[in-house]
Amino acid sequence: MESRQALCLKELCPVCGDQVSGYHYGLLTCESCKGFFKRTVQNNKQYVCAEQQECTIDRGQRKRCPSCRFLKCLHVGMRLEAVRADRKRGGRNKFGPMYKRDRALKQQREALIQDGGFRLDSGSSTHHRNLTFTTGFHPLPMIPSTSLPTAQPPHLCSLLPSTQYQCTSFSNWKSQHSNNGSPGPREGKSPSSRIHSFSPPAPSMPQLVMEFLRCDPDELQLQSKISARILQEEENGTPNTFSLMCVMADQTLFSIVEWARTSIFFKQLKVDDQMKLLHSCWSDLLLLDTVCRNVLQGRENSLLLVTGQEMELSYVASHAGLTLASLVQRGQDLVEKLHILKVDRQEFACIKFLVLFNPDVKQLEDPRFVESVHEQAESSLLEYTLSTSSHLIGRFAHLLLCLSEIRSLSTLAEDYLYCKHLSGGVPCNNLLIEMLHAKRSCA
DNA sequence: GTAGCCTTGAAA
DNA sequence: TTTCAAGGCTAC
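About the thresholds
- Residues numbered from 1 in each chain as written.
- Chains lettered and ligands numbered in written order.
- Predicted model: local features only at pLDDT ≥ 70, side-chain atom pairs only at ≥ 80, totals over all residues.
- Heavy atoms only, no water.
- UniProt positions renumbered as here; feature names shortened; annotations may be inferred.
- Phe/Tyr/Trp six-rings, centres within 6.5 Å; stacked < 30°, edge-to-face > 60°.
- Helix = DSSP H or I, 4+ residues; strand = E, 2+ residues; numbered from the N terminus.
- Buried < 20%, exposed > 50% of the residue type's maximum accessible area, 1.4 Å probe, protein only.
- Near = heavy atom within 4 Å.
- Polar contact = N/O pair within 3.5 Å; in protein donor to acceptor, adjacent residues only side chain to side chain.
- Nonpolar A, V, L, I, M, F, W, Y, C, P; charged D, E, K, R; others polar.
- Expected span 1.5 Å × (residues − 1).
- Axes fitted to C-alpha atoms, helices over the stretch in contact; angles between N-to-C directions.
- Parallel < 35°, antiparallel > 145°, perpendicular 65-115°, else oblique.
- Left-handed = near helix turned anticlockwise from the far one by under 90°.
- Contact = heavy atoms within 4.5 Å.

You can read under Subcellular location (unreviewed entry) in the UniProt record for chain A the words "Nucleus". On record in UniProt, under Sequence similarities (unreviewed entry), the comment for chain A is "Belongs to the nuclear hormone receptor family. NR5 subfamily."

Below you can see the structure in the form of structure tokens.
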């Protein structure tokens, strides 16, 4: 067995291809990209690319364009939230278990390559396509977990404690998140300044995209947690595949509520409004979560689940009913469209906020706030999209079209689930069923 | 501003 | 006590 260090040092930095020096801000990188990422985030740097945002970042040219270098850092999965706001030295952060698991996966792969000659992509296991083995739908290997979700989940209202409510304004947010209040180099020409008619000044858009990204949950932690729960279900009996999928959806829904509850802007809303928004878009977010995972990490002709398992589409076609199989196929078509559009984590982070802050939700206490956040998210997405792919005319419009496809698909999925629920085919007493009922009673 | 090396300190 | 991923320092 190779030493931990030897395993790490064999890899190349996913940003510039230099020698990796260890895990830094979420994944294995070299020392210079680690330092660059730290300086950029700590000093709130705003770079502008002099070209078309397509500069090559390699060891020899990494100094040429900090803008493209930073975008590449984010694209490969470096985590903004790993840079400490308090600048405290030493110790470990919440990524410790993630690094440990990533190492274990790498060792596992290394062993498989040596034993059986599997061909696998190199690089960090966290954020690339073509990553996992196709397993069909087998029971999961044991994954230790210290905090298993409870068998009887609490209701949504108890997941959104009213003590969380703090009313801070946009201007407070801006002052907290900018160094001196003066606009960054990109702010002056931000499309948002043309779009916004609402009074609060927009924070610099790249920064808002960063804030959205910061809110993203840790995928590996989620994977371990839900895998452990599935294992628990399997040990408790032998539920069928559909029931296990419902448990997965239910647990994912938990993580979505937790994500929303702790997210920027959303935590400023009153609990009533929070519940109304979540009741309205839970299935969109659930679908978006799966779509996002499959666009960023999935493989063709298979469905990547939140547990990291892959299910062959041919298996779905032969084992699921006609309705479910066609829903999955439509979802997969959407994944393919988004994959062709090369939608990245940043864009998905914006889209999630667009979906969550739906200004069409009725009887909100603070509709103007919801509307303004929706506009901010849309402007962020527009600016980011233009800055990364200005040569692709209409890409933003394509993204919005995909969003409406997500909405129509999630409505169909909800109807399907409701029918299955009425016929007793869905496990009861969970968040999934609560949401299903809540939305129907609102409609 | 960059990047290599050093120091720190919580978790294992 | 050891590990190792944070932040800091400094020559370039």
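Brief notes about the packing of aromatic side chains
One pass over the full model with this rule turns up 11 aromatic pairs. Considering the side-chain rings of phenylalanine 266 and phenylalanine 357, the 6.1 Å spacing of their centres and the 85° angle between planes classify their relative orientation as edge-to-face. Highlighted residues: phenylalanine 266 in the loop between helix 10 (241-261) and helix 11 (271-297) and phenylalanine 357 in the loop between helix 14 (345-356) and helix 15 (367-389), separated in sequence by 91 residues. Across the pair, phenylalanine 357 and phenylalanine 266 agree in class, each one buried. By the ring-pair criterion, three or more aromatic residues cluster together here, those being Phe212, Trp259, Phe266, Phe353 and Phe357.

Considering helix 3 (residues 66-76)
Those residues of helix 3 lying buried are Ser67, Cys68, Arg69, Phe70, Cys73, Leu74 and Val76. The first or second residue beyond helix 3 is glycine 77, which carries a positive phi of 115°.

Quick look at the protein's contact with DNA strand B
Residues in contact with DNA strand B, as listed here, are Glu31, Ser32, Phe36, Arg39, Lys45, Arg62, Lys63, Arg69, Arg89, Gly90, Gly91 and Arg92. Counting only the atoms of DNA strand B that lie within 4 Å of the protein, the sugar and phosphate share comes to 62%. Arginine 62 has a polar side-chain atom sitting 2.8 Å from a phosphate oxygen of DNA strand B. A distance of 3.0 Å separates a phosphate oxygen of DNA strand B from a polar atom in the side chain of arginine 69. In terms of residue count, the dominant contributor to the surface near DNA strand B is helix 2 (residues 31-42) (four residues). Each residue belonging to the surface near DNA strand B can be placed in one class, and the counts come to one nonpolar, three polar and eight charged.

A word on helix 15
Here helix 15 contains 23 residues, and its C-alpha end-to-end distance of 32 Å stays within 8% of the 33 Å for a straight helix at 1.5 Å per residue. Among the 23 residues in helix 15, 17 count as buried, and that is most of the element.

Considerations on the packing of helix 14 against helix 16 (residues 395-422)
Across the interface, helix 14 lies against helix 16 with an axial gap of 12 Å and an inter-helix angle of 50°. Classified by the interaxial angle, the pair formed by helix 14 and helix 16 is oblique. In terms of crossing hand, the pair formed by helix 14 and helix 16 is right-handed. In this structure, helix 14 uses Glu347, Ile351, Leu354 and Val355 to contact helix 16, whose residues at the interface are Arg395, Leu399, Leu400, Leu403 and Arg407. Looking at the contact of helix 14 with helix 16 residue by residue, the classes come out as six nonpolar, no polar and three charged.

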